[in-house]
Amino acid sequence: MSVVKLRCRKVVGGHGEGPAVVGRTRLSFWGGFDAGRGVITERGSPLEGARVAGTVLVFISSKGSSEASRVMAAAKRNGQAPAAIINTEVDAMVALACVASGIPMVTDLEEDPFRRIRPGSRVTVQADEGYVLVEDG
Amino acid sequence: MELSREQRILLEGGQGPSLGLFMRWLVEWGEAMGARRLVPVQNVHLSGISPPAIGREKPSAQAYEQALSEAELYCSSPVRCAAATCANADVALGIPAGDQGAEAARLAEIRDRQLDLARKAGIALSWTCTPFLVGNLPSRGEVCAWTESSAIVFINSILGARTTRHGTESAVAAAATGYVPEFGALLEEGRRGELLVDVHAPLRTPADWGALGYFAGEKAGLRNPVFRGPGRLGLGAAKQLSSAVATTGGVTMFHLVGVTPEAQTLQQALGGQDPGRLELYAFGNEELKETYSRLRELDSGPIDYVMLGCPHLSLQEVIQVTRALAGRKVSPGVRLELWTPHALRAEAQRLGFLRELELSGALLLADSCPAVCSPVMNGVRVLTDSFKQAHYLRAAIGARVAVDATEACVEAAVRGSWQP
């Protein structure tokens, strides 16, 4: 097993870890995510059907609806929210969702997360310290 | 972030715990987005105060509690902003979905309680996605804090007002504190065009403008697209473009050269950047056709459901649809819904258009939309003139969808089948 440490930039502070769910795509949490089951539902999305509860969710950014923060808050209440979020572009909607629901969020990883993080890899996000650990094994 | 003495007192809870929480949301969100300060805001369109959606499934006792406790929190401090603050479409009581009995009564009770709380706080619960049609019309350069992705794009791009993409927590906090973090589209540099779309296809209907938005949103992502060439547009087209571009993308504003107040010329839209260095896309007849087919899941033939009014219809659009129906009956197998703000439904009633629509068998509904509140109807065949609604209805209710011009939707509703 190897562990790689990648520097990154904090967007919203905190610590979270879990298996990675990775999609080079944009997500709309309202209208594209079932907060009761924690499943991405947008038809045709590369992440359609993915379960995000307790994961480190890696995607480009949010898109679409401005209700992302409400939906994420509902997911959090239902125990279906991701443990941390890694985005390559920062949309105000995911940032707000993470602030309001206490989910750590980082961006600007020193390597392309879509190449570096394989789905299912164990990932630890230390937002305040500005790094991410990726375990491959 | 630099805070004034007054802002720091708010943040530290000196004016009560809910204002302290709201201030924390604004400060942490602002820091996440690179804001250096909070600036005063006088115009808020918020969301999050609504009864739980009926129809999709019976709301749980917990959902009722949640809706009420959120309303209590969001209305806990009188709003400080001067302009009307409105809440977004999110309630389903307009839907006559069979016998709701005690459920409907319970929801009505919650709605009344929420209206009461909001009125005391100074929030006008207009429950619409087009508040600019019914009393909240921002002016050029006005700092706003708006939710509703389509309305955000509309007021930035068509009116020249200034808002970033807001969600429930930030907009509620802005209304109560009178401040927003300054970043993105509030600043000159956040409003410059960032990619170019040359429009060669003739855009004949509002739905065609929606196709342009659906195409461009995906290319733009979070950036501001500049549209060159499509000419001028009416209100219906502006709503379709604004809503579609914020469906496939996370777009905050676009520039339509010659229309967007701060983009009378391409040079203005680009804020001095060299157009030759920007990403360039062409939207011709092929792209127009291909965009319709991307969302098309229906063949010609029978349909079940026609939805018009995403974003909510203007009174003129309600009248146009009534005229297109021309007294004809909607096919017995088809449900034809028109969605509009509550105030315009009342106006349509007074003017006699509601009666005409009802005689045709069409429904004129307010306060919500099917993507928010319709029951799941797997495989239901839906025709609409809105790319946004078609996009979301697929996952929301399991619909098979297609988009066509408004008049074609009306004809299909009358015939009971769609001939593209």
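Computed from a prediction, not measured in an experiment: that's the story for all the values here.

As for the overall build of chain A
Helix and strand counts for chain A stand at 3 helices and 12 strands. Here the C-alpha atoms of chain A give a radius of gyration of 13 Å, agreeing with the 14 Å that 2.2 N^0.38 yields for 137 residues. Projected onto the principal axes, the alpha-carbon positions of chain A cover approximately 35 × 25 × 25 Å. Residue burial in chain A is summarised as follows: out of 137 residues, 55% are buried. Contacts in chain A between residues far apart in sequence, at least 24 positions, make up 72% of those at least 6 positions apart.

Some thoughts on the sheet that holds strand β14 (residues 381–384) of chain B
Neighbouring strands of a sheet are bound in pairs by backbone hydrogen bonds; such pairs are parallel or else antiparallel. Residues and elements named next belong to chain B. Overall, parallel pairing links the 5 strands, which are arranged β13-β12-β11-β14-β15 in an open sheet. Each having just a single partner strand, β13 (363–366) and β15 (400–403) make up the two edges of the open sheet. Between one strand axis and the next, the sheet turns by 25° as a mean value, whatever way the strands run. In the sheet, strand β11 (residues 305–308) pairs with strand β12 (residues 335–340) via 4 bridges, with the strands oriented parallel. Residue pairing across strands places Tyr 305 opposite Arg 335, the latter belonging to β12. Relative to β15, helix α15 (residues 387–397) is tilted by about 170°, and along the sheet it contacts β11, β14 and β15.

Considerations on the interface of chain B and chain A
Contact with chain B, which involves 31 residues of that partner, is made by 26 residues of chain A. Looking at the side of chain B that touches chain A, the elements with two or more residues in it are α2 (17–32), α5 (149–157), α6 (168–177), α8 (235–248) and α15 of chain B. Each residue belonging to the side of chain B that touches chain A can be placed in one class, and the counts come to 11 nonpolar, 15 polar and 5 charged.

Let's talk about the sheet that holds strand β3 (residues 86–87) of chain B
Residue and element names in this part refer to chain B. Taken in spatial order, the 3 strands make up an open sheet running β3-β2-β4, and their pairing is parallel. The sheet is open, and its two borders are formed by β3 and β4 (144–146), each paired with just one other strand. Pairing analysis gives 2 bridges linking strand β2 (residues 43–46) to β3, with the strands arranged parallel. Paired with Leu 46 across the bridge in β3 is Ala 87. Relative to the sheet, α6 contacts β2 and β4, its axis offset from that of β2 by approximately 145°.

So, the environment of Gly352(B)
The residue Gly352(B) is located in the loop between α12 (342–351) and α13 (353–360) in this model. Sequence spacing of Gly352(B) and Leu26(B) is 326 residues, and the spatial spacing of their C-alpha atoms is 46 Å.

Observations concerning the domain arrangement of chain B
Residue and element names in this part refer to chain B. Assigned domains of chain B: these are domain 1 (5–186), domain 2 (192–293) and domain 3 (297–418). At the interface, 15 residues of domain 2 touch 13 residues of domain 3. For the side of domain 2 that touches domain 3, the elements supplying multiple residues, two or more each, are α7 (206–220) and α8. When residues of the side of domain 2 that touches domain 3 are assigned to their parent elements, the largest contribution, 7 residues, is made by α8.

Examining the packing of helix α2 (residues 92–101) of chain A against α2(B)
Relative to each other, α2(A) and α2(B) sit at 135°, their axes nearing to 9 Å. On the basis of the axis angle, α2(A) is oblique to α2(B). At the point where α2(A) passes α2(B), the crossing takes the right-handed sense. Side by side, α2(A) and α2(B) meet where Ala95(A), Leu96(A), Val99(A) and Ala100(A) of the first sit next to Trp25(B), Glu28(B), Trp29(B) and Ala32(B) of the second. A class-by-class count of the residues in the contact of α2(A) with α2(B) yields 7 nonpolar, no polar and 1 charged.

Topic: unusual backbone geometry
The peptide bond linking Cys310(B) to Pro311(B) adopts the cis configuration, its omega dihedral lying at -10°. With respect to the helices, strands and loops of the structure, Pro311(B) is situated in the loop between β11 and α11 (315–325).

Examining helix α16 (residues 406–415) of chain B
Residues and elements named next belong to chain B. Counting buried positions along α16 gives 7 out of 10 residues, so the element sits mostly inside the fold. Among the residues of α16, those classed as buried are Thr 406, Ala 408, Cys 409, Val 410, Ala 412, Ala 413 and Val 414. Buried-residue contacts for α16 involve α7, β11, α11, β12, β14 and β16 (417–418).

Comments concerning the environment of Arg232(B)
Residue and element names in this part refer to chain B. Looking at the element boundaries, Arg 232 is found in the loop between β7 (225–228) and α8. Along the sequence, Arg 232 and Leu 137 sit 95 residues apart, while their C-alpha atoms lie 20 Å from each other. Once residues lying within four places of it in the same chain are set aside, the contact partners of Arg 232 are Gly 258 and Val 259.

Some thoughts on the pairing of β14(B)
Residues and elements named next belong to chain B. With burial as the criterion, each face of β14 is covered, one bearing Arg 381 and Leu 383 and the other bearing Val 382 and Thr 384. Where β11 lies against β14, 3 bridges are found, and the strand directions are parallel. Bridge assignment links Val 306 to a residue of β14, and that residue is Leu 383. Bridging between β14 and β15 involves 4 bridges; their strand directions are parallel. Looking at β15, one finds that Thr 384 is bridged to Val 403. Handedness of the crossover joining β14 and β15 through α15 is recorded here as right-handed.

Structural notes on the confidence of the model for chain B
All names here are of chain B. On average, residues of chain B score 93 in pLDDT, and 95% of them are at 70 or above. Throughout residues 93–99 the model reports pLDDT below 50, and contacts reaching past four residues in sequence, or to other chains, amount to 13 contacts. Predicted complex, confidence summary: ipTM 0.97, pTM 0.97.

The rules behind the values
Residues numbered from 1 in each chain as written. Chains lettered and ligands numbered in written order. Predicted model: local features only at pLDDT ≥ 70, side-chain atom pairs only at ≥ 80, totals over all residues. Helix = DSSP H or I, 4+ residues; strand = E, 2+ residues; numbered from the N terminus. Rg over C-alpha atoms; globule rule 2.2 N^0.38 Å. Buried ≥ 20, exposed ≤ 12 C-beta atoms within 10 Å, placed from the backbone. Contact = placed C-beta atoms within 7 Å. Pairing = 2+ DSSP bridges. Axes fitted to C-alpha atoms, helices over the stretch in contact; angles between N-to-C directions. Nonpolar A, V, L, I, M, F, W, Y, C, P; charged D, E, K, R; others polar. Domains from an automatic or database assignment. Parallel < 35°, antiparallel > 145°, perpendicular 65-115°, else oblique. Left-handed = near helix turned anticlockwise from the far one by under 90°. Right-handed = clockwise from strand over helix to strand, strands pointing away. pLDDT = per-residue confidence, 0-100.

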